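Architecture and fold: a report
One-letter residues, chain by chain:
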Amino acid sequence: MKKTISIIAFALVAFVTFAALVQDPANIKDELELGKKAPLTTVKMLDVSGKKMSLEDAKGPNGLLVVFSSNTCPWVLAWEDRYLTIAELAKEKGIGMIAINSNEASRGKEDSYAEMQKHAKEKGYTFPYVVDENHVLADEYGATKTPHIYLFDNNNTLVYRGAIDDSARDLSKIENRYLADAITAMVAGQKIKTTTSKALGCTIKRVE
Amino acid sequence: MIIVWIWNAIFGIHHQFNSIFMKLLYILLFSLIFIACGSANSDGDQNSNETEAVELLTDIASEEIETIIAKHNADGKVVLVNIWATWCGPCVEEFPDIVELKHKYKDQLEVVFISADFPEDRERALQFMKDQKVTWETYMKTGKDEPFINAISSDWSGALPFTKIYSKEGQITSYWENKASFETFETAILEALNVNL
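Residues numbered from 1 in each chain as written. Chains lettered and ligands numbered in written order. Predicted model: local features only at pLDDT ≥ 70, side-chain atom pairs only at ≥ 80, totals over all residues. Heavy atoms only, no water.

Our next topic: the overall build of chain B. In terms of regular secondary structure, chain B is built from eight helices and seven strands. The proportion of buried residues among the 197 residues of chain B is 45%. Sequence separation of 24 or more characterises 69% of the internal contacts of chain B that already satisfy a separation of 6 or more. (Helix = DSSP H or I, 4+ residues; strand = E, 2+ residues; numbered from the N terminus. Buried < 20%, exposed > 50% of the residue type's maximum accessible area, 1.4 Å probe, protein only. Contact = heavy atoms within 4.5 Å.)

In structure tokens, the structure reads:
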């Protein structure tokens, strides 16, 4: 009898755990779908400059570029040279760019506000870098890693999502400049050739 | 050194003996050298420990992933695939738990570690394997991110670490992005082992 109860109990625990594991955690949405509007655009977040700003504030006349990022992820560090060239391109094309740090679980350490300020200064960021408290935006956008790119047009509609290009560390191996091409096409009113792409990155450090 | 000495000695006595004898001597000498070299090599293999005999970090292309996983899935074993990298904090934190579980479930479980480290960090990854006392074959990603990510799972966004578990029959029983605890891993393994019940 005791053995049967143990087996049933174990089976129940295993089933529940199994079910939990293959489903998405409750509050993290799936990656925002193409064609959907940018959510939470009026939420004010603290920028490294000391100002509070929202996505609406960062938006440009021709669109908005959102980059979920962090201070230490080697994938971010590898692509950071292109953060700056993309920023130039975005500015030229009238697109507002904003970097967001959603790593709440390391907010006490490497992703603190002070570290963000230091990082932005060191890397010469020419765009805002804001604190996404409790990863509220990351959850709503379904952002899973850093870097994770979302490009919106002037109507706040998502037109491109994923990676900057297809080679993080080796510039000579880049074959597809996904983001640069998407920005150029979008502003020229042309069809974007590749609308989503995938790349490796560090998980966003969410609190339990 | 010895060979040089022998060679000089042979030339020294060459003119003193007839050619047939010399030919036989040369044949004997080369045979001895050949045998000596041969046994030196095999002695080396036998003396090296298990870790060095196993290819710890084999390069793997995206197209090969499915085959490799199927290979490990053969012989009625559960397969745990874990994508990690040396620079990925959570990956490194959960790694020893997976190694421990591999030792615990021995012949029932195959662990397929695939490093997503940059190619220039290969030595670092190899050293990490040795430090973690991994004694079985593991793999290293080559080529572009996107085909690799999709070959592992179309439901994976590319965030590290990533774990995917197959039952003995090759069914996917669970997968997740993010670090997991020893208990979570063990429960998932047990679930995969018992799927037929």
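Moving on to the overall build of chain A. Scanning chain A for helices and strands turns up six helices and nine strands. The burial tally for chain A puts 53% of its 208 residues in the buried class. Within chain A, contacts between residues at least 6 apart in sequence are counted, and of these 76% link residues at least 24 apart. Of the roughly 10,100 Å² of accessible surface on chain A, 55% is carried by carbon and sulfur atoms. (Areas by Shrake-Rupley, 256 points an atom, 1.4 Å probe, with all protein chains shown as cover.)

Here the focus is the sheet that holds strand β9 (residues 201-203) of chain A. If you trace the three strands from one edge of the open sheet to the other, you get β6(A)-β9(A)-β5(B), paired in mixed fashion. Each having just a single partner strand, β6 (145-146) of chain A together with β5 (159-160) of chain B make up the two edges of the open sheet. Relative to β5(B), β9(A) is paired through two bridges, and the arrangement is parallel. Within β5(B), the position partnered with A:Cys202 by the bridge is B:Leu160. (Pairing = 2+ DSSP bridges.)

Once that is clear, we can look at the pattern of salt bridges. Using the criterion set out here, one finds 20 salt bridges over all chains in the structure. The salt bridge partner of A:Asp81 is A:Arg82, with a shortest N-O separation of 3.1 Å. Assessed through its relative accessible area of 8%, A:Arg82 is described here as buried. Residue B:Asp121 is joined to A:Arg169 by a salt bridge in which the shortest nitrogen-to-oxygen separation is 3.6 Å. One end of the pair, B:Asp121, is in the loop between β3 (109-115) and α6 (122-131); the other, A:Arg169, is in the loop between β8 (158-162) and α6 (178-187), on a second chain. Using a relative accessible area of 37% as the deciding quantity, one classes A:Arg169 as partly exposed. A network of salt bridges, in which partner residues are shared, links A:Asp81, A:Arg82 and A:Asp165. (Salt bridge = Lys/Arg side-chain N within 4 Å of Asp/Glu carboxyl O.)

Residue and element names in this part refer to chain B. Where helix α5 (residues 89-105) meets helix α8 (residues 182-193), the axes come as close as 9 Å, and the angle between the chain directions of the two elements is 40°. Note that α5 runs across α8; the crossing there is right-handed. Where α5 approaches α8, its residues Glu94, Asp97, Ile98, Glu100, Leu101, Lys104 and Tyr105 are matched on the opposing element by Phe182, Phe185, Glu186, Ile189, Leu190 and Leu193. Class assignment for the residues of the contact of α5 with α8 results in eight nonpolar, no polar and five charged. (Axes fitted to C-alpha atoms, helices over the stretch in contact; angles between N-to-C directions. Left-handed = near helix turned anticlockwise from the far one by under 90°. Nonpolar A, V, L, I, M, F, W, Y, C, P; charged D, E, K, R; others polar.)

Residues and elements named next belong to chain B. A large share of β3 lies buried, amounting to seven of its seven residues. Burial along β3 is two-sided: Leu109, Val111, Phe113 and Ser115 and Glu110, Val112 and Ile114, pointing in opposite directions, are all buried. Bridge count for strand β2 (residues 78-84) against β3 is seven bridges, and the pairing is parallel. When the sheet's bridge partners are listed, valine 81 is paired in β3 with valine 112. After leaving β2, the chain enters α5 and then returns to the sheet as β3, a path that is right-handed. Relative to strand β4 (residues 138-141), β3 runs parallel, the two sharing two bridges. By the bridge assignment, serine 115 is partnered in β4 with methionine 140. (Right-handed = clockwise from strand over helix to strand, strands pointing away.)

A few words on the sheet that holds β2(B). Residue and element names in this part refer to chain B. Sheet architecture is open: six strands sit in the order β1-β4-β3-β2-β6-β7, paired in mixed fashion. Unpaired on one side and paired on the other, β1 (57-60) and β7 (172-177) mark the two borders of the sheet. Looking at each pair of strands side by side, their axes are set apart by 20° on average, direction ignored.

What follows covers the state of the cysteines. All names here are of chain B. All chains considered together, the criterion is met by two disulfides over all chains. Sulfur-sulfur distance for the disulfide between cysteine 88 and cysteine 91 comes to 2.0 Å. Disulfide cysteine 88-cysteine 91: the torsion about the S-S bond is 75°, which places it as right-handed. Cysteine 88 sits in the buried class, given a relative accessible area of 3%. (Disulfide = S-S within 2.5 Å.)

Moving on to the environment of B:Gly143. Considering the arrangement of structural elements, one finds B:Gly143 in the loop between β4 and α7 (145-152). Exposure remark for B:Gly143: the relative accessible area of 58% places this residue in the exposed category.

At the junction of the two partners, chain B supplies 33 residues and chain A supplies 31 residues. Run the count over chain B and chain A and you get four salt bridges. Ionic pairing is found between B:Lys144 and A:Asp166, a salt bridge with its closest N-O pair at 3.5 Å. Elements supplying a minimum of two residues to the side of chain B that touches chain A: α7, β5, β7 and α8 of chain B. Its residues placed into classes, the side of chain B that touches chain A shows 14 nonpolar, eleven polar and eight charged.

On to unusual backbone geometry. In this structure, the amide linkage connecting A:Thr146 to the following residue, A:Pro147, adopts the cis form with an omega of -10°. With respect to the secondary-structure elements, A:Pro147 resides in the loop between β6 and β7 (148-153). Across the junction of B:Leu160 and B:Pro161, the peptide omega takes the value 5°, indicating a cis bond. Residue placement: B:Pro161 occurs in the loop between β5 and β6 (162-166). With a phi close to 55°, A:Asn134 is a non-glycine residue in the positive phi region. As for its placement among the helices and strands, A:Asn134 is situated in the loop between β5 (129-131) and α5 (136-141). Phi is positive for A:Asn156, which is not a glycine, with a value near 65°. Among the secondary structure elements, A:Asn156 is positioned in the loop between β7 and β8.

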